[in-house]
Amino acid sequence: MELKKEILGKKRKDYLEWDEFFMGIAKLSAGRSKDPNTQVGACIVGDDNRILSIGYNGAPNNFDDDLFPWNREGDPLNTKYLYVCHAERNAIGNYRGSRKDLVGAKIYVDLFPCNECAKDIVQAGIKEVIYLSDKYADSDETKASKHIFDICGVTYRQLNKQSQKVLRLSLKPDEVIKYID
Ligand SMILES: [Zn+2]
């Protein structure tokens with residue numbers, strides 16, 4: 001059969017690009033976080049554009065959210081920092097398949113990974129980080145992350161500006177995702 005383009009109709013134009021889709025999944029995952037101050041999501045994607053895992057920042061498994069110290073200040077033992085599991089670590093840990101699948105994968109995160117997650121990313125064999133915010137670029141943690149990535153051959157790039165769109169996600173029936181800008 002000969003396919004004539006004129007009679008086939010045109011495909012939808014405002015569909016999500018892969019980068020937008022996966023960052024959207026990361027952002028949606030962040031919506032599960034119980035942290036009152038910082039919500040971060042991560043989405044790990046195989047080289048065939050299949051989603052392997054997602055994660056968000058939160059308490060370790062079986063640590064009651066209501067007994068978790070969500071404070072950022074005060075006695076270190078009563079702040080979140082010593083206990084919280086970051087989105088990237090959770091995304092890696094949540095994967096239930098073979099660890100080999102993570103080798104060569106990409107990870108989408110809405111905040112540049114800290115040095116602890118950078119080590120987890122390297123050890124998992126993930127090769128590319130796509131991020132949105134780099135608001136802690138001046139911190140030693142983020143500087144160390146970049147150093148780790150540079151030395152260990154993990155590339156990183158910010159989601160390009162054209163893809164930094166605002167979408168309206170409706171969970172009502174018969175409404176599709178819409179671009180606000
Ligand atoms: Zn981290």
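Residues numbered from 1 in each chain as written. Predicted model: local features only at pLDDT ≥ 70, side-chain atom pairs only at ≥ 80, totals over all residues.

Engineer: What should I look at first to understand helix α5 (residues 140-152) in this one?
Structural biologist: Think of an α-helix as turning once every 3.6 residues; residues three or four places apart then point the same way. With 13 residues, α5 extends 18 Å from end C-alpha to end C-alpha; this agrees with the ideal 18 Å at 1.5 Å per step. At the C-terminal side of α5, G153 shows a positive phi close to 80°. (Helix = DSSP H or I, 4+ residues; strand = E, 2+ residues; numbered from the N terminus. Expected span 1.5 Å × (residues − 1).)

Engineer: I tried to follow the environment of I177 on my own but got confused; where do I start?
Structural biologist: Its location among the elements puts I177 in the loop between β6 (167-168) and β7 (178-179). Taking C-alpha positions, I177 is 9.3 Å from Y15, a pair spaced 162 residues apart along the chain. Not counting chain neighbours up to four residues away, the residues in contact with I177 comprise L167, R168 and L169. (Contact = placed C-beta atoms within 7 Å.)

Engineer: Just checking my understanding: could you explain the packing of helix α4 (residues 115-124) against α5 for this structure?
Structural biologist: Packed helices, taken two at a time, are described by the angle between their axes plus the distance between the axes. Direction vectors running N to C along α4 and α5 enclose 20°, while the axes themselves pass 8 Å from each other. Judged on the interaxial angle alone, α5 and α4 are roughly parallel. Viewed along their axes, α4 and α5 form a crossing whose handedness is right-handed. Between α4 and α5, the contacting residues are N115, A118, K119 and V122 on the first element and E141, A144, S145, I148, F149 and C152 on the second. Class assignment of the residues belonging to the contact of α4 with α5 gives a composition of six nonpolar, two polar and two charged. (Axes fitted to C-alpha atoms, helices over the stretch in contact; angles between N-to-C directions. Parallel < 35°, antiparallel > 145°, perpendicular 65-115°, else oblique. Left-handed = near helix turned anticlockwise from the far one by under 90°. Nonpolar A, V, L, I, M, F, W, Y, C, P; charged D, E, K, R; others polar.)

Engineer: Any chance you could explain α4 here in plain terms?
Structural biologist: What α4 keeps buried is the set C117, A118, I121 and A124. The buried residues of α4 occupy one face: seen down the axis, they fall within an arc of 130°. Against the buried residues of α4 lie α3 (87-94), β3 (106-111), β4 (128-133) and α5. The positive-phi residue at the C-terminal boundary of α4 is G125, with phi of around 90°. (Buried ≥ 20, exposed ≤ 12 C-beta atoms within 10 Å, placed from the backbone. Arc of directions from axis to C-beta.)

Engineer: Quick question: what am I supposed to make of the pairing of strand β2 (residues 51-56) here?
Structural biologist: Working note: regular strand, side chains alternate between the two faces of the sheet. Burial analysis of β2 places five of its six residues in the buried class, which makes it a mostly covered element. Pairing between strand β1 (residues 41-45) and β2: five bridges, direction antiparallel. What sits directly across from G41, in β2, is Y56. Between the antiparallel neighbours β1 and β2 lie five residues, among them N49 with a positive phi of about 60°. (Pairing = 2+ DSSP bridges.)

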